[in-house]
Amino acid sequence: AAPKVDGSRHDLPATLVDVAGNRLRDAILSGSLGPGEKIVEEQLCADLGISRAPLREALRLLTQQGLVEHLPRRGSRVADWSQADILQLFGLRSVLERHAIEIALPLADPETALQPVRDALDEMSRAQTPLDRDDAHRRFHAAVVALAANRQLDMVLEPILIKLQLPMAMNLRE
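Computed from a prediction, not measured in an experiment: that's the story for all the values here. (Residues numbered from 1 in each chain as written. Predicted model: local features only at pLDDT ≥ 70, side-chain atom pairs only at ≥ 80, totals over all residues. Heavy atoms only, no water.)

Here we come to the nonpolar core. What tends to happen in soluble globular proteins is that the nonpolar side chains get buried as a cluster. Formed by 23 residues in total, the largest nonpolar core has its most connected members in L24, I28, I39, L55, L67, V68 and L166. Those elements that provide at least two residues to this core are α1 (16-30), α2 (41-48), α3 (52-64) and α9 (165-173). Ranked by residues supplied to this core, first place goes to α1 with 6 residues. Among all residues touching L24, those that are not within four sequence positions of it are L33, I39, L44, L55, L59 and L62. Within the second largest apolar cluster, 11 residues are counted, among which are V145, L153, I160 and M168. (Core = buried A, V, L, I, M, F, W, Y, C linked by side-chain atoms within 4.5 Å. Buried < 20%, exposed > 50% of the residue type's maximum accessible area, 1.4 Å probe, protein only. Helix = DSSP H or I, 4+ residues; strand = E, 2+ residues; numbered from the N terminus. Contact = heavy atoms within 4.5 Å.)

What follows is the structure, encoded as C-alpha cells:
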C-alpha cells in the first residue's frame, strides 16, 4: 500500500498529490531539502512529471502539517523551526501525554490496552527507513495518548506530532 501524505497507509492507488507529497516529505525529512530552502515548483513538476495543481495541493497539505511554509507571492520553502518553537512543541506533547496517562490509569485491561503501544514500539525497531521509523514513532506517541480514550485529546495531539516530524528527523540524522 502506498503511504498518504500524512504517512498513514491505505489500499487505494497513490494519487498524484500522494506521490508529490510523499516525495517532498521524504526529501524534507531526509535533509535533501533543508530548513528554509526554497521549493522550486517548476523543477519539482518536471522531476515528478506532474502539473502544478497536484503539486500545489501537496504543498498545501505539507503546510498544514508544518513541514512547509507558504510565503505570499514568493512561493514555498521548507519550514525552519526555531529552537523555541521546537521546545514548545515538545513541552505541549509532554503535557498532553502526561494528562492522557493520568486520566487513563488505572487501565481496566492493561494487556489489551497497551497492545497498540507495544505494536508501535515493535514497528520502530523493525523500520527499514528513517521515514518508516518516523511514522512508527508518531504512532507510538498517538497510542500513548489514545489510552485515555479521549477523542478531543487525540485531535489536539495530532498536529503537534506532525509538526514534530521535522525536528525529530533532523535529530535522527545527527
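So that's the structure; there's more coming.
Enumeration according to the criterion identifies 11 salt bridges in this entry. Residues E42 and R52 are paired through a salt bridge, measuring 2.1 Å at the closest nitrogen-oxygen approach. You can see E42 sitting in helix α2 and its partner R52 sitting in helix α3, a full 10 residues away along the chain. Residue classification places R52 among the partly exposed residues on the basis of a relative accessible area of 31%. A salt bridge links R138 to D135; the shortest N-O distance between them is 3.4 Å. Of the two residues, R138 and D135 are both situated in helix α7 (residues 130-146); the distance of 3 residues between them amounts to about one turn of the helix. Judged by relative accessible area, R138 falls into the buried class, the value being 13%. (Salt bridge = Lys/Arg side-chain N within 4 Å of Asp/Glu carboxyl O.)

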